[in-house]
Amino acid sequence: MNLDHDLRRAFTRKPAPPGLAGRVLARLEPRVIVPAATASLSPSPDRRAVRWLGAAAAIAVVAIGGERYYRQQETVAEAARVQQAAAARVQHDVRLALQIAGEKLAVVQRRLQEPNR
Amino acid sequence: MKITIAMWLCLLVGPASALAQGARLQLDHLDRLASEAAQSVNIAIDPAMLKLASAFLKAEGEQAALKAMLAEVKGIYVRSLEFERQNAYTSDDVNRVREQLTAPGWARLVTVDSKRDGELVEIYSWRQGTESGGLAILVVEPMELTVVNIVGPLDLTKLALLQGNFGIPRLPVDAPPAGRED
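A brief look at the structure comes next. (Residues numbered from 1 in each chain as written. Chains lettered and ligands numbered in written order. Predicted model: local features only at pLDDT ≥ 70, side-chain atom pairs only at ≥ 80, totals over all residues. Heavy atoms only, no water.)

### A few points about the environment of Leu27 of chain B
All names here are of chain B. The condition that has to hold: Think of it this way: any DSSP run of H or I at least four residues long counts as a helix, any run of E at least two long counts as a strand, and we number them from the N terminus. In this analysis, two residues are considered to be in contact whenever any of their non-hydrogen atoms come within 4.5 Å of each other.
One can find Leu27 in the loop between helix H1 (2-21) and strand E1 (39-45). In sequence terms Leu27 and Asn149 are 122 residues apart; their C-alpha atoms lie 9.4 Å from each other. Residue contacts for Leu27: discarding those within four places in its chain leaves Tyr77, Arg79, Val97 and Val147.

### Considerations on the pattern of salt bridges
Rules: Salt bridges are counted wherever a side-chain nitrogen of Lys or Arg sits within 4 Å of a carboxyl oxygen of Asp or Glu. Think of it in three bands: residues with accessible area under 20% of the maximum for their type are buried, residues over 50% are exposed, and the middle band is partly exposed, with areas taken using a 1.4 Å probe on protein chains only.
Evaluation of the coordinates by the stated rule reveals 14 salt bridges over all chains. Its salt-bridge partner being Arg111 of chain A, residue Asp117 of chain B comes within 2.7 Å of it at the nearest N-O pair. In this pair, Asp117 of chain B is assigned in the loop between strand E3 (106-114) and strand E4 (119-128) and Arg111 of chain A in helix H4 (residues 45-113), connecting two distinct chains. Its relative accessible area of 32% is what places Asp117 of chain B among the partly exposed residues. Glu119 of chain B is the salt-bridge partner of Arg111 of chain A, the closest N and O atoms lying 2.8 Å from each other. Linking Arg111 of chain A in helix H4 with Glu119 of chain B in strand E4, this pair reaches from one chain into another.

### What to know about the packing of aromatic side chains
Residue and element names in this part refer to chain B. Quick note on the threshold: In this analysis, rings of Phe, Tyr and Trp, with Trp reduced to its six-membered ring, are considered paired at centre separations within 6.5 Å, and the interplanar angle assigns stacked below 30 degrees, edge-to-face beyond 60, and tilted for intermediate values. Placement of a charge over a ring requires the Lys NZ or Arg CZ to be within 6 Å of the ring centre, with the centre-to-atom vector within 35 degrees of the ring normal.
Counted by the stated rule, this structure contains 2 aromatic pairs over all chains. Their ring planes at 40° and their centres at 5.9 Å tell us that Phe83 and Tyr89 sit as a pair that is tilted. For the pair Phe83 and Tyr89, one class covers both residues: buried. Centroid distance Trp106 to Trp126: 5.5 Å. Interplanar angle 70°. Geometry classified as edge-to-face. With Trp106 in strand E3 and Trp126 in strand E4, this residue pair connects regions lying 20 residues apart in the sequence. Between the NZ or CZ atom of Arg24 and the centre of the ring of Tyr77, over which it lies, the distance is 3.9 Å.

### Details of the interface of chain A and chain B
Test applied: Buried area adds together the accessible area that both of two parts lose upon being put together, with accessible area traced by a 1.4 Å probe. By the criterion applied in these results, polar contacts are pairs of N or O atoms within 3.5 Å in which, for protein atoms, one can donate a hydrogen and the other can accept it, and in which residues neighboring in sequence qualify only through two side-chain atoms. Throughout this entry, Asp, Glu, Lys and Arg are counted as charged residues, while Ala, Val, Leu, Ile, Met, Phe, Trp, Tyr, Cys and Pro are counted as nonpolar. The remaining residues, Gly among them, count as polar.
Facing the 27 residues of chain A at the interface are 44 residues of chain B. Together chain A and chain B conceal approximately 3100 Å² of surface at their shared face, both sides included; 73% is due to carbon and sulfur atoms. On the surface where chain A and chain B come into contact, there are 3 salt bridges. In this structure, the connection of chain A to chain B is made through 4 residue pairs in polar contact (both at pLDDT 80 or more). Broken down by class, the residue content of the side of chain A that touches chain B amounts to 15 nonpolar, 6 polar and 6 charged.

Shown next as structure tokens:
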């Protein structure tokens, strides 16, 4: 019976102590409740600077790498052009040499084909 | 003692370098005549240059024939000097070339000696066993001196394969082995 009695007394509706609502509100007012999503979009100034620096570094790396790649490609192309020009010069010399050889052999051929002089 | 060693070195190295020279003629002594010549051609193409030239040739048409030829040739050397007057060169200039062509390995294929025109043309072949290892053409005219030296297995037969190209006419492939003189 005591237990039943105690439970009834515990669950009996009682009016809140006077001033409770005021005290609760007073403790809540100074706090600014910031939604979680808003907090992630507005980092601290230090973190923002770090991110900008990171982005700038990435852009610099890409720019320097691109410039070096372009220069390397240009060097390779220039070397190929020089090599091709040298090859063309040698080909010209080979043709000239063969032409001279051919002309001289033609002289021999002509002389050999002439009737006895 | 040092002199003896030097003499032995000369005796040993001298012939070795001569053999190493092979089918290549030394034509540097003709360079001094270039300044006196009205027209001069000086071509010296070594194996590296031939390889470079060959690399940029296409494997079709006229270029294919040249490419195949260059694959075997080890060097092309030409000195051609045309003068405006006679006796611009000396007989010593000619003899220094001909002396090299009397070395073992060289065989004279053709001689055309025209006393009337004062023209001498000689064709020599460098033999490595039964194979041809080079070609030399010597042309001596009153106002012209030309030496063509092709090092490598290029004989008249192979040169004939290029006939019609590069100004090479039909060639006497079955040229008589000995010379003919007017």
